[in-house]
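Observations on the model geometry
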Amino acid sequence: NAGVTQTPKFRVLKTGQSMTLLCAQDMNHEYMYWYRQDPGMGLRLIHYSVGEGTTAKGEVPDGYNVSRLKKQNFLLGLESAAPSQTSVYFCASSYSGTRNIQYFGAGTRLSVL
Amino acid sequence: AQKVTQAQTEISVVEKEDVTLDCVYETRDTTYYLFWYKQPPSGELVFLIRRNSFDEQNEISGRYSWNFQKSTSSFNFTITASQVVDSAVYFCALDQNSGYALNFGKGTSLLVTP
């Protein structure tokens with residue numbers, strides 16, 4: 001079972017470059033989330049989606065955009081990367097009715113130089 | 001405001017010792033859910049348990065047990081007879097009012113040495 005798959009696993013960017021992180025889930029979950037994990041900070045929510053075509057801001061949305069064109073995919077975009085966006089990014093998904101048992105991907109480690 | 005505090009940043013134990021990871025939370029909700037996740041060195045986050053605010057029974061799953069006490073707003077996690085494979089970062093989390101995301105603590109790094 002694939003579960004939640006994130007691509008790429010690692011990426012190095014230069015300041016000002018753009019990129020898109022892809023999250024795919026095969027569990028038919030309605031909700032999807034993007035978090036970032038920084039040392040000593042735990043996980044913080046960037047954006048989330050409660051269904052195809054809908055997205056909303058989380059705790060730390062600045063500098064990121066998201067899209068959910070298909071139920072199984074949730075894309076996280078960085079239009080102009082900054083060193084402060086160096087982090088590990090996690091995607092998660094959940095059913096709408098199970099009160100947030102979230103299932104996580106393996107993470108994407110991003111470095112912005 | 002909702003908040004989760006894991007006061008222990010790092011814990012180191014020798015194999016076969018018992019270890020308790022503390023989690024204290026703050027919420028104004030009467031209905032809420034608490035979670036524990038494990039993050040092994042490989043990096044992925046693994047769901048361990050979910051507990052709702054109306055169920056204060058302790059839960060045991062093999063060597064893992066959880067003690068939920070509403071009176072002290074705590075949801076502590078105990079590993080009995082720890083093993084090297086238990087080495088990981090453990091996160092406690094609380095669901096938010098919106099129900100759309102989890103509020104994570106900063107995690108406790110557990111190192112179990114042979």
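Presented here is an overview of the structure given in this document. Because the structure is a prediction, the values reported are computed rather than measured. Position numbers for residues count from 1 along each chain, tracking the sequence in the order it is written. As they are written, the chains are lettered A onward and the ligands numbered 1 onward, keeping that order. Thresholds applied to this predicted model are a pLDDT of at least 70 for local features of residues and 80 or more for the giving and counting of side-chain atom pairs; totals over whole chains, interfaces and linings are not thresholded and use all residues. As a rule here, side-chain values come from all non-hydrogen atoms in the structure, and water together with hydrogens is ignored.

**A closer look at the nonpolar core**
Side chains of nonpolar character tend, in soluble globular proteins, to be buried together. Residues and elements named next belong to chain B. How we decide: Residue types Ala, Val, Leu, Ile, Met, Phe, Trp, Tyr and Cys, when buried and joined through side-chain atoms within 4.5 Å, form a set referred to as a nonpolar core. Categorising residues by exposure relies on relative accessible area from a 1.4 Å probe, with only protein chains included: less than 20% of the type maximum marks a residue as buried, more than 50% marks it as exposed, and the intermediate range marks it as partly exposed. Secondary structure follows DSSP: runs of H or I at least 4 residues long count as helices, runs of E at least 2 residues long count as strands, and numbering of each begins at the N terminus. Residues count as neighbours in contact if any of their non-hydrogen atoms are within 4.5 Å of one another.
Within the largest apolar cluster, 23 residues are counted, with the highest numbers of intra-cluster contacts made by Trp36, Phe77, Tyr90 and Leu110. Those elements that place two or more of their residues in this core are strand E2 (10-14), strand E3 (19-21), strand E5 (33-39), strand E8 (64-69), strand E9 (74-79), strand E10 (88-95) and strand E12 (108-113). Broken down by element, the residue count for this core peaks at 4 residues, all from E10. In contact with Phe77, not counting residues within four places along its chain, are Val19, Thr20, Leu21, Trp36, Leu48, Tyr64, Ser65, Trp66 and Tyr90.

**A few points about the pairing of strand E4 (residues 31-38) of chain A**
All names here are of chain A. Selection rule: Any two strands between which DSSP finds at least two bridges are classified as paired.
Counting buried residues along E4, 8 of its 8 residues qualify, which places the element largely inside the surrounding structure. Of the two faces of E4, both are covered, the one formed by Tyr31, Tyr33, Tyr35 and Gln37 as well as the one formed by Met32, Trp34, Arg36 and Asp38. As paired elements, E4 and strand E9 (residues 87-94) share 7 bridges and run antiparallel to each other. Along E9, the bridge assignment pairs Met32 with Ser93. Pairing of E4 with strand E5 (residues 42-51) involves 7 bridges; the strand directions are antiparallel. Paired with Arg36 across the two strands is Arg44, which belongs to E5. Turn length for the E4-E5 hairpin, with the two strands adjacent in sequence and antiparallel, is 3 residues, and the turn residue Gly40 shows positive phi of about 75°.

**Let's talk about the interface of chain A and chain B**
To keep things clear, this is the line we draw: As a working definition, buried area equals the accessible area (1.4 Å probe) given up by two parts on being put together, with both sides summed. Whenever a carboxyl oxygen of Asp or Glu lies within 4 Å of a side-chain nitrogen of Lys or Arg, that contact is scored as a salt bridge. Distance and chemistry together define a polar contact, namely a pair of N or O atoms within 3.5 Å, with one atom able to donate a hydrogen and the other to accept it when in protein, and with adjacent residues in sequence counting only for side-chain atoms on both sides. Only Asp, Glu, Lys and Arg are considered charged in this grouping, and only Ala, Val, Leu, Ile, Met, Phe, Trp, Tyr, Cys and Pro are considered nonpolar; every other residue, Gly among them, is considered polar.
In this complex, chain A contributes 20 residues to the contact, which on the side of chain B involves 21 residues. In total, about 1700 Å² of surface goes out of reach between chain A and chain B, with carbon and sulfur atoms giving 58% of it. Inspection of the region where chain A meets chain B yields 0 salt bridges. Seen at the junction of chain A and chain B, the total is 3 residue pairs in polar contact (both at pLDDT 80 or more). No other element matches the 5 residues that E5 of chain A contributes to the side of chain A that touches chain B. Across the side of chain A that touches chain B, the residue classes break down as 12 nonpolar, 7 polar and 1 charged.

**Focus on the packing of aromatic side chains**
Condition: In summary, the pairing rule links any two rings of Phe, Tyr or Trp, Trp by its six-membered ring, whose centres are within 6.5 Å, and it sorts them by plane angle into stacked for under 30 degrees, edge-to-face for over 60 and tilted for everything else.
Per the counting criterion, the structure on display carries 21 aromatic pairs over all chains. For the ring pair Phe90 of chain A and Phe104 of chain A, a centre distance of 6.4 Å and an interplane angle of 80° mean the geometry is edge-to-face. Residue Phe90 of chain A is located in strand E9, and its partner Phe104 of chain A is located in strand E10 (residues 103-104); the two are separated by 14 residues in the primary sequence. The residues Phe90 of chain A and Phe104 of chain A share a single accessibility class, namely buried. Centre to centre, the rings of Phe77 of chain B and Tyr90 of chain B are 5.5 Å apart; their planes meet at 65°, and the pair counts as edge-to-face. Of the two residues, Phe77 of chain B is situated in strand E9 and Tyr90 of chain B in strand E10; the sequence distance between them amounts to 13 residues. With respect to class, Phe77 of chain B is no different from Tyr90 of chain B; both count as buried. Members of the aromatic cluster, each reached through a chain of ring pairs, are Tyr33, Tyr35, Phe90, Tyr103 and Phe104 of chain A together with Phe35, Tyr37, Phe47, Phe91 and Phe104 of chain B.

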